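Working through the structure, step by step
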Amino acid sequence: MNCRFDDVAPDVLTITSYDEAHFTDYLRLLDADADGADWREATAIIFEIDPVAEPQRAERMHASHLARARWMTEVGYVHLLACDGALKH
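Below: a short report on this structure. Being a predicted model, the structure only gives us computed values, none of them experimental.

Before going further, it helps to examine the side chain of Thr43. In this fold, Thr43 is placed in helix H3 (residues 39-47). Reaching out from Thr43, the side chain makes a polar contact with the backbone oxygen of Trp39 at a distance of 2.7 Å. In contact with Thr43, not counting residues within four places along its chain, are Glu48, Ile49, Ala58 and His62.

Spelled out as C-alpha cells, the structure:
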C-alpha cells in the first residue's frame, strides 16, 4: 500500500516537515469538521482510504490528523511566525 499520509500525525511541540507537507490537508480537515462532515467521508476524500475496509486505521488517521490540525491553529502557528519566513513555498 502506498499512502502519502502516516497513520498517525506527529505529536511533538514543534512543526515538522510532515506538517509542512500537509498544511493544505490540515485545512481541509478543519473545513470538513467545521461543516459537520462525517469523518468517514472526510477520510475517504482527504486520505484516500476506505473507512469501511479499514475502519480502525481510518478513524485513527482522522482523529490524529484533526488533532494536529487543531494544534496548528492553536499553538503551531506561533512557530511559523517565529520562523521569520523560513517556510517559503
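With that out of the way, let us pick up the pattern of salt bridges. The final tally for this structure, using the stated rule, is 8 salt bridges. Of the charged contacts in the structure, one is a salt bridge between Arg57 and Glu54, with a shortest N-O distance of 3.2 Å. Connected through salt bridges with shared partners, the residues Asp7, Glu54, Arg57 and Arg60 form a single ionic network.

This part is about unusual backbone geometry. For Glu48, which is not glycine, the phi torsion reads 55 degrees and is therefore positive. Along the polypeptide, Glu48 turns up in the loop between H3 and helix H4 (55-82).

This next bit is on H3. The complete set of buried residues in H3 reads Ala42, Thr43, Ile46 and Phe47. The arc that holds every buried residue of H3, seen down its axis, measures 100 degrees, which confines them to one face. With a side-chain oxygen positioned 2.7 Å from the backbone nitrogen of Arg40, the residue opening H3 is Asp38. Following H3 by one or two positions, Glu48 has its phi on the positive side, about 55 degrees.

A full pass over the atoms with the stated rule returns 1 aromatic pair. Aromatic pair Phe5 and Phe47: ring centres 4.7 Å apart, planes at 90 degrees, arrangement edge-to-face. In this pair, Phe5 is assigned in the segment before helix H1 (17-21) and Phe47 in helix H3, connecting sequence segments 42 residues apart. Relative accessible area serves as the criterion here: at 4%, Phe5 is assigned to the buried category.

Rules used in this analysis
Residues numbered from 1 in each chain as written. Predicted model: local features only at pLDDT ≥ 70, side-chain atom pairs only at ≥ 80, totals over all residues. Heavy atoms only, no water. Helix = DSSP H or I, 4+ residues; strand = E, 2+ residues; numbered from the N terminus. Polar contact = N/O pair within 3.5 Å; in protein donor to acceptor, adjacent residues only side chain to side chain. Contact = heavy atoms within 4.5 Å. Salt bridge = Lys/Arg side-chain N within 4 Å of Asp/Glu carboxyl O. Buried < 20%, exposed > 50% of the residue type's maximum accessible area, 1.4 Å probe, protein only. Arc of directions from axis to C-beta. Phe/Tyr/Trp six-rings, centres within 6.5 Å; stacked < 30°, edge-to-face > 60°.

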